[in-house]
Amino acid sequence: MLALIYSNNNLTEKTGLKYYTVKPFLHVERDIETNKIVKAAIIYLPDLKNPQYLLIHDGINSKKISLKFKDGSLTDFGYSSTGKVSESVDALAAMISKSADALTELNTMKGLQAAKATSNSVELYEIIFGADKTTLREVTIGRE
């Protein structure tokens, strides 16, 4: 199996299938009057600064590859093979499934009702994992 993906109408510029991994963010709701935290949750959003590109080539003994996407993020990766090559692909699929689990959690949270949304303020923090510490960076929305 060889899948060719092009980034222009003339089909001259080859590229991979663009998708995004997810990043964790801390979503905080505060009561406006008391400034106390009413709700805090970890949500996962696409990492738009670091797109990934998938290019599929013929593999040894490969038979079938299936991909599913949701909101630009890869949520499901399926591969079947008649050889032992599938062991390394299984490791890749496990890594991708963690991103899929994160998206599932995010989609589950979409169905939750907000608590007193009219009197709460909302804050969003990017969670940054370092070698020796984890830090939070507040996400602000600028106006152009």
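Residues numbered from 1 in each chain as written. Predicted model: local features only at pLDDT ≥ 70, side-chain atom pairs only at ≥ 80, totals over all residues. Heavy atoms only, no water.

**Focus: the overall build of the protein**
- Tallying secondary structure elements over the protein gives 1 helix and 10 strands in all.
- Overall, the protein shows an N-to-C arrangement of helices and strands of β-β-β-β-β-β-β-β-α-β-β.
- With 144 residues in all, the protein has 27% of them scored as buried.
- Within the protein, contacts between residues at least 6 apart in sequence are counted, and of these 53% link residues at least 24 apart.
- Carbon and sulfur atoms make up 53% of the accessible area of the protein, which totals about 10,500 Å². (Helix = DSSP H or I, 4+ residues; strand = E, 2+ residues; numbered from the N terminus. Buried < 20%, exposed > 50% of the residue type's maximum accessible area, 1.4 Å probe, protein only. Contact = heavy atoms within 4.5 Å. Areas by Shrake-Rupley, 256 points an atom, 1.4 Å probe, with all protein chains shown as cover.)

**Structural notes on the sheet that holds strand β4 (residues 22-31)**
- Read across the sheet, 4 strands follow the order β5-β4-β9-β10 without closing on themselves; strand pairing throughout is antiparallel. If you trace the sheet from one side to the other, it starts and ends with β5 (37-46) and β10 (134-138), each paired once. Mean inter-strand twist for the sheet, computed between neighbouring axes without regard to direction, equals 30°.
- In this structure, β4 lies alongside β5, joined through 9 bridges in antiparallel fashion. By the bridge assignment for β5, histidine 27 is matched with alanine 41. (Pairing = 2+ DSSP bridges. Axes fitted to C-alpha atoms, helices over the stretch in contact; angles between N-to-C directions.)

**Quick word on the environment of proline 46**
- For proline 46, the position within the fold is in strand β5.
- Assessed through its relative accessible area of 27%, proline 46 is described here as partly exposed.
- For the pair proline 46 and proline 24, spaced 22 residues apart in sequence, the C-alpha separation works out to 9.0 Å.
- Ignoring any residue separated from it by four or fewer positions in sequence, one finds proline 46 in contact with Tyr20, Thr21, Val22, Asp71 and Ser73.

**Here's the deal with the pattern of salt bridges**
- For the structure on display, the rule yields 3 salt bridges.
- For the salt bridge of glutamate 126 with lysine 23, the shortest nitrogen-to-oxygen distance reads 2.5 Å. With a gap of 103 residues between them, glutamate 126 in strand β9 (residues 120-129) and lysine 23 in strand β4 connect regions that are remote in the sequence. The same class applies to glutamate 126 as to lysine 23, namely buried.
- A salt bridge links arginine 137 to glutamate 126; the nearest nitrogen and oxygen atoms lie 2.5 Å apart. Of the two residues, arginine 137 sits in strand β10 while glutamate 126 sits in strand β9, which places them 11 residues apart along the sequence.
- Exposure remark for glutamate 126: the relative accessible area of 11% places this residue in the buried category.
- Through salt bridges with shared partners, a single network forms among Lys23, Glu126 and Arg137. (Salt bridge = Lys/Arg side-chain N within 4 Å of Asp/Glu carboxyl O.)

**As for the pairing of β9**
- Direction of pairing for β4 relative to β9: antiparallel, over a ladder of 7 bridges. For aspartate 31, the partnering residue across the bridge sits in β9 and is asparagine 120.
- Pairing of β9 with β10 involves 5 bridges; the strand directions are antiparallel. Bridged to phenylalanine 129 within β10 is threonine 134.
- With antiparallel pairing between neighbouring strands as the criterion, β9 and β10 make up a hairpin whose turn holds 4 residues.

**Remarks on the side chain of aspartate 47**
- As for its position among the elements, aspartate 47 is in the loop between β5 and β6 (52-54).
- Lysine 23 is the oppositely charged side chain nearest to the buried, salt-bridge-free aspartate 47, at an N-O distance of 4.0 Å.
- Excluding its chain neighbours within four sequence positions, the residues that come into contact with aspartate 47 are Tyr20, Thr21, Val22 and Lys23. (Lys, Arg positive; Asp, Glu negative; His and termini not counted.)

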